[in-house]
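Spelled out from the first residue to the last, the chains are:
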Amino acid sequence: MKENMSKHRLVFIGTYTEEIVSKTGQIFKGMGRGRGIYVYKLDVNSGLMKQCGLAEGVPNPSYLAIDPSRRFLYAVNELREFEGAPTGAVSAFSVEPGSGRLRFLNRKPSYGTDPCHLTVDKTGRYVLVANYTSGSVCVLPIREDGSLAEATDVIQHQGSSSDPVRQSGPHAHAVTLDDTGRYAFVADLGLDKLMIYRFDAKRGKLEPSEEPWVEVAAGAGPRQLAMHSRGGYVYLINELNSTMTAFRYDKSKGTLREIQTLSTLPKDFEGASTCARVQISASGKFLYGSNRGHDSIVIYAIDQVNGKLTCIGHRSTQGKTPRHFTIGPAGEFLIIANQDTEDAVAFRLDPTSGELGATGHSVDVPTPVCVKVI
């Protein structure tokens, strides 16, 4: 077992399995071609991925999260109706060590429509969920066996912003906890705000922080954020105007102060493009973001003294519409899920330069949305 796991890592890919409702409300028939959550073994020497499992019968498991013990996996069910109610859901699975086999535990409502992102707190006791269409956040307790209990809190956002189509109401797009576990940040695309909550892990409750939000530029469309491992900086990727915003973070107060905002696109690019995923390298020296349209990964160097970003280049994703990517735990690989070309591509990450090198390895995955590696 030890020899096998030193050579391989497990890769989990969430997919769309049903019809997909676009952000403008149009239904795209037949786009959800996945069969559930796909499991692969990644060879850490070559980047080769081989399928070793599939959890079927999971409706639209678009975004995944793994608990700190790596014993349990949680998937949103990106739906607008569950058990006859106007809500999506969250599914819980146990993860078999070595094989990565997923065993279904249970499913609970998310108390909001189209849940699109979730995270597990550092204690492994709660799942926090962002419901996109309804613009709400839900807290679900985790039982000792990894299954989910009924929600302990639901927060409904209110308001709108400048884009009459994409921002006519709140759209919670991601929920992220800081390294202390005391503050939760919710990127709301519809409000052009990064909402800030105090998280009470004893009661499973979210309460507005003393500084309850920070605003970004009108029409920016906040989507996801990454917390620097040193705790002093936060990086927010904005979907609609293709920018990256850097903040200085005071974790004693849960407050953010903007440092700079940069484009994620080359200066000479003139087409349509939106942003999706953001992640910091294991070393903390580089920041990566995905461009859907330009179909690239933008790479920034992070100044270790002041947190400022310098763009050092763009790398083609070798596919179309990079919906998500993830960096392996040791920082050796970056794997991209290209939604519209229906594949996942493995790149080797150079820890010194931050550059991404082609491995020549990819796998076909129907409508991939999220990729996680353990």
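Reading the values: rules and limits
- Residues numbered from 1 in each chain as written.
- Predicted model: local features only at pLDDT ≥ 70, side-chain atom pairs only at ≥ 80, totals over all residues.
- Heavy atoms only, no water.
- Helix = DSSP H or I, 4+ residues; strand = E, 2+ residues; numbered from the N terminus.
- Buried < 20%, exposed > 50% of the residue type's maximum accessible area, 1.4 Å probe, protein only.
- Contact = heavy atoms within 4.5 Å.
- Salt bridge = Lys/Arg side-chain N within 4 Å of Asp/Glu carboxyl O.
- Core = buried A, V, L, I, M, F, W, Y, C linked by side-chain atoms within 4.5 Å.
- Pairing = 2+ DSSP bridges.
- Axes fitted to C-alpha atoms, helices over the stretch in contact; angles between N-to-C directions.
- pLDDT = per-residue confidence, 0-100.
- Polar contact = N/O pair within 3.5 Å; in protein donor to acceptor, adjacent residues only side chain to side chain.

Undergrad: Help me out: how do you make sense of the environment of Ser-296 in this one?
TA: Looking at the element boundaries, Ser-296 is found in strand E24 (residues 296-302). By relative accessible area, which is 2% here, Ser-296 ends up buried. Spatially, the C-alpha atoms of Ser-296 and Gly-34 are 23 Å apart, while their sequence positions differ by 262 residues. Setting aside residues up to four positions removed in sequence, Ser-296 forms contacts with Gly-289, Ser-290, Asn-291, His-314, Arg-315, Ser-316, Thr-317 and Pro-322.

Undergrad: Just checking my understanding: could you explain the pattern of salt bridges for this structure?
TA: Side chains that carry opposite charge are capable of pairing whenever their charged atoms lie near each other. In this structure the tally under the stated criterion is 13 salt bridges. The partner of Glu-207 in a salt bridge is Arg-198, and the shortest N-O contact between them spans 3.6 Å. A relative accessible area of 31% places Glu-207 in the partly exposed class. When its relative accessible area of 33% is taken as the criterion, Arg-198 is described as partly exposed.

Undergrad: Is there a simple way to think about the nonpolar core in this case?
TA: Considering soluble globular proteins, one finds that nonpolar side chains tend to be buried as a cluster. Formed by 30 residues in total, the largest nonpolar core has its most connected members in Phe-12, Ile-37, Leu-73, Tyr-74, Leu-102, Leu-118 and Val-127. Counting residues per element, the ones that place at least two in this core are strand E1 (8-15), strand E4 (36-43), strand E6 (64-66), strand E7 (72-77), strand E8 (89-95), strand E10 (115-120), strand E11 (126-131) and strand E12 (136-141). Here this core gets five residues from one element, more than from any other, and that element is E7. Counting 16 residues, the second-largest nonpolar core is a separate cluster that includes Val-137, Ala-172, Leu-177 and Leu-191.

Undergrad: Can you walk me through the sheet that holds strand E21 (residues 255-263) in this structure?
TA: Pairing is antiparallel across the open sheet formed by four strands, whose spatial order is E18-E19-E20-E21. Every other strand in the sheet has two partners, leaving strand E18 (222-227) and E21 as the edge strands with one partner each. Adjacent strand axes in the sheet meet at a mean angle of 25 degrees, parallel and antiparallel pairs treated alike. In terms of strand pairing, E18 meets strand E19 (residues 233-238) through five bridges, oriented antiparallel. Bridging across to E19, Pro-222 finds its partner in Asn-238.

Undergrad: Quick question: what am I supposed to make of the confidence of the model for the protein here?
TA: The predicted coordinates should not be examined in detail at positions where pLDDT is low. When pLDDT is averaged across the protein, the result is 95; 96% of the residues are at 70 or more. Within the model, pLDDT remains below 50 along residues 1-5, and this stretch shows four contacts once partners closer than five positions in the same chain are excluded.

Undergrad: Help me out: how do you make sense of the pairing of E10 in this one?
TA: Remember that side chains alternate between the two faces of the sheet whenever the strand is regular. Of all six residues making up E10, six are buried, and the element is well covered by its neighbours. Note: E10 against E11, five bridges, orientation antiparallel. Each residue of the ladder has a partner; that of Pro-115, found in E11, is Asn-131. The turn joining E10 and E11, which pair antiparallel and follow one another in sequence, is formed by five residues; a positive phi near 75 degrees is taken by Gly-124.

Undergrad: Before we go on, may I ask you to explain the environment of Arg-198 in this structure?
TA: With respect to the secondary-structure elements, Arg-198 resides in strand E16 (residues 193-200). Placed 148 residues apart in sequence, Arg-198 and Lys-50 show a C-alpha to C-alpha distance of 42 Å. One polar contact links the side chain of Arg-198 to the main-chain carbonyl oxygen of Pro-208, over a distance of 3.3 Å.

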